[in-house]
Amino acid sequence: MADLTATTDFIRSQLPSELQHPRIGIVCGSGLSGLAAVIHNIQKIPYESIPGFGTSTVQGHHSELAFGLLGKNNVPVVVMLGRFHFYEGHPISTVVYPIRVMAKLGVKEVIITNAAGSLNPDIPVGTIVVVHDHLALPNLVGTNPLLGPLLSPNHRRFLPLSDAYSSSLRRLVFRAAHQLSLEKSALAEGTYAWVCGPTYESPAEGRFLRHAGADVVGMSTVPEVVAARDEGMEVMVLSLVTNFVVIPPSYWSIREEVEAELAGKPVVLPTSQIVSHEEVLAIGKEKAEVMKSLVQGVVELLA
Ligand SMILES: O=P(O)(O)O[C@H]1O[C@H](CO)[C@@H](O)[C@H]1O
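Residues numbered from 1 in each chain as written. Predicted model: local features only at pLDDT ≥ 70, side-chain atom pairs only at ≥ 80, totals over all residues. Heavy atoms only, no water.

A. Expanded view of the pattern of salt bridges. Inspection of every chain in the model, using the stated rule, returns nine salt bridges. Ionic pairing is found between R100 and D230, a salt bridge with its closest N-O pair at 3.0 Å. With a gap of 130 residues between them, R100 in helix α3 (residues 97–104) and D230 in helix α7 (residues 222–230) connect regions that are remote in the sequence. For R100, a relative accessible area of 3% translates into the label buried. (Salt bridge = Lys/Arg side-chain N within 4 Å of Asp/Glu carboxyl O. Helix = DSSP H or I, 4+ residues; strand = E, 2+ residues; numbered from the N terminus. Buried < 20%, exposed > 50% of the residue type's maximum accessible area, 1.4 Å probe, protein only.)

B. Highlighting the packing of aromatic side chains. Overall, the coordinates contain four aromatic pairs when judged by the stated rule. Relative to F53, the ring of Y47 has its centre 5.3 Å away and its plane inclined at 50 degrees; by these criteria the two rings are tilted. The residues Y47 and F53 share a single accessibility class, namely buried. Ring centres 6.0 Å apart and planes at 80 degrees place the aromatic pair F53 and F84 in the edge-to-face group. Of this pair, F53 sits in the loop between β2 (39–46) and β3 (64–70) while F84 is found in the loop between β4 (75–81) and α2 (92–95), placing the two residues 31 residues apart along the sequence. For the residue pair F53 and F84, the accessibility class agrees, reading buried in each case. In this structure an aromatic cluster arises from ring pairing among Y47, F53, F84 and Y97. (Phe/Tyr/Trp six-rings, centres within 6.5 Å; stacked < 30°, edge-to-face > 60°.)

C. View of the side chain of S239. Within the secondary structure, S239 is located in strand β9 (residues 234–244). Polar contacts involving the side chain of S239 include one to the side chain of N114, which spans 2.8 Å. Leaving out residues up to four positions away in the same chain, S239 has contacts with N114, A116, T127, I128, V129, V131, Y192, V216 and M291. (Polar contact = N/O pair within 3.5 Å; in protein donor to acceptor, adjacent residues only side chain to side chain. Contact = heavy atoms within 4.5 Å.)

D. Seen up close, α7. Counting buried residues along α7, nine of its nine residues qualify, which places the element largely inside the surrounding structure. Positive phi appears at G232, one or two residues downstream of α7, with a value of about 80 degrees.

What follows is the structure in structure tokens.
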């Protein structure tokens, strides 16, 4: 891992003193970097100039670390405008490096956003899910960001994750939603499944994750949550549902289709839905305002 002190010294050298000690960290998911527009006194540092950082290569992710003041009470924040995903080829230590940098800068609470597919018929596209737990198959089979030697004697070897998603921060989301007069249906609570990507789920994989208890699925976030908890920060995660994961209840029989054709019977073909990143970004754009207001509302309540 790169040298955290060298990274934070470099970052501070680029900032005026009032922005050098951010209180809250924010990670903007796919299509959600519009938060930058409401940050006062914003200073952006390109990722490629920061020691130890990779470059964000995914459409809809900027590649800048922003510092500034957020909300009516001018809370100093550090904001990732774009994140690193494991599927981009970054080592998992690089994926979570900005989170460790936030901790080193003195951040105590991290708000993480993402775009995700819904596995739950009761959670429609456009809903913002307040994540209360995760299901991380990569963590279970060997892509855990904490694999390897302990970073310091202060880091724990066996990190518990039973309380990873702060209940007090989750409470603040619902309070902020109330202040914003959001409809009840704008928010849901649920479990986020982390998959490596970059392939979207096959129908069988979607069904598997649903049966295993996940409500939404995405290709990010969990490594960041694990690293944030490893650093002793409080975590809140908001997932914007951008699409439904296709989970047909049963497979369409091609044999029956051909037999019906051969027998001259009418054949009704199923409609197929195919998810795309363009769709993910389009919903992100549509709902970015709500996400922005909610994050800002939580920051105001927190500070
Ligand atoms: O999780 P974020 O970064 O919001 O992005 C989500 O959108 C992309 C797929 O469309 C994947 O990267 C998935 O994880």
